[in-house]
Amino acid sequence: MSTAVEETHHDTHHDHKPYGIGRWLFTTNHKDIGSMYLWFSFIMFLTGGAMAMVIRAELFQPGLQLVDPHFFNQMTTVHGLIMVFGAVMPAFTGLANWMIPMMIGAPDMALPRMNNWSFWILPFAFVILLGSLFMEGGGPAFGWTFYAPLSTTYSSDSTALFVFAIHIMGISSIMGAINVIVTIMNMRAPGMNYMKMPLFVWTWFITAFLLIAVMPVLAGAVTMVLTDKYFGTSFFDAAGGGDPVMFQHIFWFFGHPEVYIMILPSFGIISAIIPAFTRKRLFGYASMVYATAAIALLSFLVWAHHMFTTGMPVFAELFFMYCTMLIAVPTGVKIFNWVATMWRGSMTFETPMLFALAFVILFTIGGFSGLMLAITPVDFQYHDTYFVVAHFHYVLVTGAIFSIMAASYYWLPKWTGHMYDTTLAKTHFWTSLISVNVLFFPMHFAGLAGMPRRIPDYATQFADINQIASIGGFAFGLSQLIFLWVAIKCVKGGEKAEAKPWEGAEGLEWTVPSPAPYHTFEKPPKVE
Amino acid sequence: MAEQQSYYVPASSPWPIVGAVGLGLIAWGAGHTVIDMSKEQDGYGSTVLIAGLVVIAVMLFGWFRDQINESMSGKYSSQLGDSYKQGMSWFIFSEVMFFAAFFGALFYARIIAVQWLGGDSNNAMTNEVLWPEFVAQWPLVNTPGGTETQAMGWYGLPAINTIILLISSVTCHFAHTGLEQNKRKQLTAMLGITIILGCIFLYLQGAEYVHAYEELGLALDSGIYGNTFYMLTGFHGMHVTLGTVMLIVMFLRVIKGHFTPDNHFAFQATSWYWHFVDVVWLCLFVVVYVL
């Protein structure tokens, strides 16, 4: 079967890397592509973060000080778009690229050239999106959810650029997801059956399915926005028989699975790190797999919990409320499994573990505030307030982003071959942990007291809370520069890392040297 | 599954980055073309868009040429073939979800939005306050805003097109079995007929649009009925066009003798794609035209 393959192998077998810019432009290597994804994500994280700093600076005091409201709206919009599509999603794709082939004993991703294409679309998409900010009339200012008619009747001329930028980001995500799913289905080493796969692989498998299912729906939504704005259709205009609320249905049919796309890989990461530093096997592996699948399936049935105040029929409100609350069950299974894993384990607190522990606690806070929001009658009070902002920043920053940092600190020695500066890394952790809570925890109170989101000015009674949050925000922003410093220092040099720098870590990725050779597993390893 | 000694990892290639540049140019160019059109101004948006399309065409040509050469020289393993097949299946699934967004819009508009505007459910005051004259109906030939149009019947061109596309799916299948059984004559004849049927479909679709615009006054901006009609049939038509181009490429490759009964992924993928386009049309025929 593979006789013909052997003779062509000499050009991929040797281990010296191609050099120069061509290495990065033309590469088919999953590690190179993974690194590019991670660096791109970091750059976007800092860019979106800079926008958050503008937001927090404006909100430091009531009244309008620094920027005009239209620019403020552009900042909230593009901050959201960049963090979702530019920072979190590419970071997970980068981690998938680096780790999945190594974890399942594959030589590379299944479709390496398409892999490179997926990555290189992203810089173009974000240059177009960011470029639209500098056009006459400004960039997108309708929130990252681009509700009609804000994005149709009332949006700036540059909206078409936003639409096409989203289109090509979507193409990139779909190709990336197809690559992951095919790699997992088709490239596992002999003996690596589905129920032996590391949970990071499992969670990405399910995430990839969600991506392929919902990114095309987003493409449909932006297409309808485009034709409504520029070609006279009335999908979201009641005068033509459409409905602005229909936009929200279509958007959130994409949007809710999308938020799980941004958290499921985190569950996989945490499920790798906690056992490693408690020196115990993960408690309830199979239940973790089924819980992930259950969360993914339920994610298709809960979208309208974002729309409780749009005047839906009572039956719909109840249906979406109960379905949403059901998600707490599989998520609870996960939280309890992690806690049970730690129970009577020999725990140590290296940097990845610190981030993982912070994840478990703070993500749970975000999950509980989500449950509060799921209760229809009280959501009428919380809807579109800072309580919502606090909720999704707890799940996305202390959830998704903390897990990405945990993953980075866990696998950096494997990627670079060097141990990072643990003092600096722990400084990064503690400053981030404290500042992120100073930043987001007070927002719960602002929201419960009725402060609306996406507003550049506010009533004076919210001044104290906003000042505290802003101070936390600046501190959190600055703390991330420590992360950048640690990462650069670690890439440049440092103490040599062993093949398995963490005593309790398990998995195929620790069986290869650090740094992992350019081509791993040309011959599939045997999995017991 | 992974029982091979090793998996073929393709060498680095310039085409992905060319494709990324092409898509970037298309996105930038298309965005500016639309903006220029809406402001009725001249700009270089369309030039950039065309440049992007050219770059993508070159990329597709170059990428597929390399791919075909590598495949013909026997570099590929059956495991790689499985990756391609699974990749294509997932791609088609993503296309299904794209159409689902527009079918969903059609259902929502027809069953919920239009009915509520007409006062259904607890929306009596919506109707009373907004457009008291408005009566809910489907096809929505009189919009609340006052646009009038006529509905497109299902008999005539749409019915003929349905038959044509159904037959083309059958001929495509027989072309495939011809390839698998190494019956070259059956293969080329059936593939040729499929291509011709695809072209006839596209021609008739065009004629139907002309009829709709000129005789029925049914345009893209004629309210939600016209919107869903043109977006669904339009995107379907674009997929038929792409499918026909793919079939033509397969025809040329068949003539060059590229395929063998057990190594013809490209043909199989094209055939799947064609059947998918056919199924979409069937759904579309039922919910857009008949019901």
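Source: prediction; values computed, not measured. Numbers given to residues run from 1 along each chain, matching the order in which its sequence is written. Each chain gets a letter, beginning with A, and each ligand a number, beginning with 1, in the order they are written. Only residues with pLDDT of 70 or above have their local features reported here, since the model is predicted, and side-chain atom pairs are shown and tallied only from 80 upward, although totals for entire chains, interfaces and linings are computed over all residues.

J.: Explain the overall build of chain A to me, please; I cannot follow it from the model alone.
T.: If you tally the helices and strands in chain A, you get 18 helices and zero strands. Radius of gyration (C-alpha) of chain A: 23 Å, near the 24 Å computed for a compact globule of 528 residues. Seen through its C-alpha atoms, chain A measures out along the principal axes to roughly 65 × 50 × 45 Å. Using C-beta atoms placed from the backbone, we call a residue buried if 20 or more other C-beta atoms fall within 10 Å of its own, exposed if 12 or fewer do, and partly exposed for counts in between. Taking all 528 residues of chain A together, the buried fraction comes to 59%. For every residue pair, C-beta atoms are placed from the backbone, and the pair is scored as a contact if these atoms sit within 7 Å. Considering only contacts in chain A between residues 6 or more positions apart, those separated by 24 or more positions represent 84%. Strands are runs of DSSP state E lasting at least two residues, helices are runs of H or I lasting at least four, and both sets are numbered from the N terminus onward. For the radius of gyration, the atom set is restricted to C-alpha positions; the globular benchmark scales as 2.2 Å times the number of residues to the power 0.38.

J.: In this structure, what is going on with the overall build of chain B? I would like to understand it.
T.: Counting its secondary structure elements, chain B contains eight helices and zero strands. Listing each helix as α and each strand as β along chain B from the N terminus yields α-α-α-α-α-α-α-α. The C-alpha extent of chain B, read off along each of the three principal axes, is 75 × 45 × 40 Å. Within chain B, the proportion of its 291 residues that are buried is 41%.

J.: Mind showing me how you'd approach the packing of helix H7 (residues 223-255) of chain B against helix H8 (residues 265-290) of chain B here?
T.: Each pair of packed helices can be described by the angle between their axes along with the distance between the axes. All names here are of chain B. What counts as an axis is a line fitted to C-alpha atoms, over the stretch in contact for a helix, and the angles between N-to-C directions run from 0 to 180 degrees. For the pair H7 and H8, interaxial distance at closest approach is 10 Å and the crossing angle is 155°. In terms of orientation, H7 lies roughly antiparallel with respect to H8. Remark: the crossing between H7 and H8 carries left-handed chirality. On the side of H7, the interface is formed by Phe229, Leu232, Thr233, His236, His239, Val240, Gly243, Met246, Leu247, Met250 and Arg253, while H8 contributes Ala266, Phe267, Thr270, Tyr273, Trp274, Val277, Val280, Trp281, Leu284 and Val288. The residue classification treats Ala, Val, Leu, Ile, Met, Phe, Trp, Tyr, Cys and Pro as nonpolar and Asp, Glu, Lys and Arg as charged. All others, Gly included, are polar. Taken together, the residues of the contact of H7 with H8 sort by class into 15 nonpolar, five polar and one charged. Angles are sorted into four bins: roughly parallel if under 35 degrees, roughly antiparallel if over 145, roughly perpendicular if 65 to 115, and oblique for all others. By the definition used in this description, the sense in which the near helix is turned from the far one sets the handedness, with an anticlockwise turn below a right angle giving left-handed and a clockwise turn giving right-handed.

J.: Any chance you could explain the interface of chain A and chain B here in plain terms?
T.: Size of an interface, as often reported, equals the accessible area lost when the parts are brought together. Each side of the interface is counted separately: chain A has 75 residues, and chain B has 68 residues. Listed by contribution, the elements that provide at least two residues to the side of chain A that touches chain B are helix H1 (3-7), helix H2 (10-13), helix H3 (21-26), helix H6 (112-131), helix H7 (159-186), helix H8 (199-230) and helix H9 (244-261) of chain A. When residues of the side of chain A that touches chain B are assigned to their parent elements, the largest contribution, 14 residues, is made by H7(A). Considering only residue class, the side of chain A that touches chain B consists of 49 nonpolar, 18 polar and eight charged.

J.: Honestly, the domain arrangement of chain B in this entry has me stumped. Any pointers?
T.: Note that domain bounds follow an automatic or database assignment of domains. When its domains are assigned, chain B resolves into domain 1 (1-76) and domain 2 (78-290). Relative placement of domain 1 of chain B and domain 2 of chain B: their C-alpha centres are 25 Å apart.

J.: Help me understand the domain arrangement of chain A in this model?
T.: Residues and elements named next belong to chain A. The assigned domain composition of chain A is domain 1 (30-242) and domain 2 (263-518). Tallying the contact residues gives 39 residues for domain 1 and 42 residues for domain 2. Elements supplying a minimum of two residues to the side of domain 1 that touches domain 2: helix H4 (30-58), helix H5 (69-104) and H8. It is H5 that contributes the most residues to the side of domain 1 that touches domain 2, 12 residues altogether. For the side of domain 1 that touches domain 2, a count of residues per class yields 27 nonpolar, nine polar and three charged.

J.: I'm lost on the UniProt feature "domain: Cytochrome oxidase subunit I profile" (unreviewed entry) in chain A in this one. Help?
T.: UniProt positions are given in the numbering used here, feature names are shortened, and annotations may be inferred rather than shown by experiment. UniProt annotation of "domain: Cytochrome oxidase subunit I profile" (unreviewed entry) refers to residues 24-528 of chain A when read in the numbering used here. What you have in residues 24-528 of chain A is 68% helix and 0% strand, and the ends, taken at the C-alpha atoms, are 36 Å apart.

J.: Could you clarify how one ought to interpret the confidence of the model for chain B in this entry?
T.: The predicted structure's coordinates, where accompanied by low pLDDT, should not be read in detail. All names here are of chain B. With 98% of its residues at a pLDDT of at least 70, chain B reaches an overall mean of 93. Within chain B, the lowest mean pLDDT, 93, falls on helix H4 (residues 124-129), and the highest, 97, falls on H7. Confidence estimates for the predicted assembly give a pTM of 0.95 and an ipTM of 0.95. One number per residue, pLDDT, summarises how confident the predictor is, and it ranges from 0 to 100.

J.: Can you help me understand the nonpolar core in this one?
T.: Most often, soluble globular proteins have nonpolar side chains that are buried together. Counting residues in each nonpolar core, the largest one holds 254 residues, and the members touching the most others are Val88(A), Ala125(A), Ala165(A), Ala221(A), Ile273(A), Ala406(A) and Ala27(B). Broken down by element, the residue count for this core peaks at 23 residues, all from H8(A). If sequence neighbours within four positions are ignored, Ala406(A) has contacts with Ile269(A), Ile273(A), Pro352(A), Phe355(A), Ala356(A) and Phe359(A). By our criterion, buried Ala, Val, Leu, Ile, Met, Phe, Trp, Tyr and Cys residues that link up through C-beta atoms within 7 Å make up a nonpolar core.

J.: I tried to follow the UniProt feature "transmembrane region" (unreviewed entry) in chain B on my own but got confused; where do I start?
T.: Residues and elements named next belong to chain B. Within the UniProt annotation, "transmembrane region" (unreviewed entry) is assigned to residues 7-31, 43-64, 90-113, 154-175, 187-204, 224-252 and 272-290. End-to-end, the C-alpha atoms of residues 154-175 are 30 Å apart, and along that stretch the chain is 86% helix and 0% strand. Helix makes up 100% of residues 187-204 and strand 0%, with an end-to-end C-alpha separation of 26 Å.

J.: Help me understand the packing of H6(A) against H7(A) in this model?
T.: All names here are of chain A. Between H6 and H7, the least distance of the axes is 8 Å, while the angle of their chain directions is 160°. When the axis of H6 is compared with that of H7, the two are roughly antiparallel. Viewed along their axes, H6 and H7 form a crossing whose handedness is left-handed. Residues Met114, Asn115, Trp117, Ser118, Ile121, Leu122, Phe124, Ala125, Ile128 and Leu129 of H6 lie in contact with H7, whose contacting residues are Leu161, Phe162, Phe164, Ala165, Ile168, Met169, Ile171, Ser172, Met175, Gly176 and Asn179. By residue class, the composition of the contact of H6 with H7 is 16 nonpolar, five polar and no charged.

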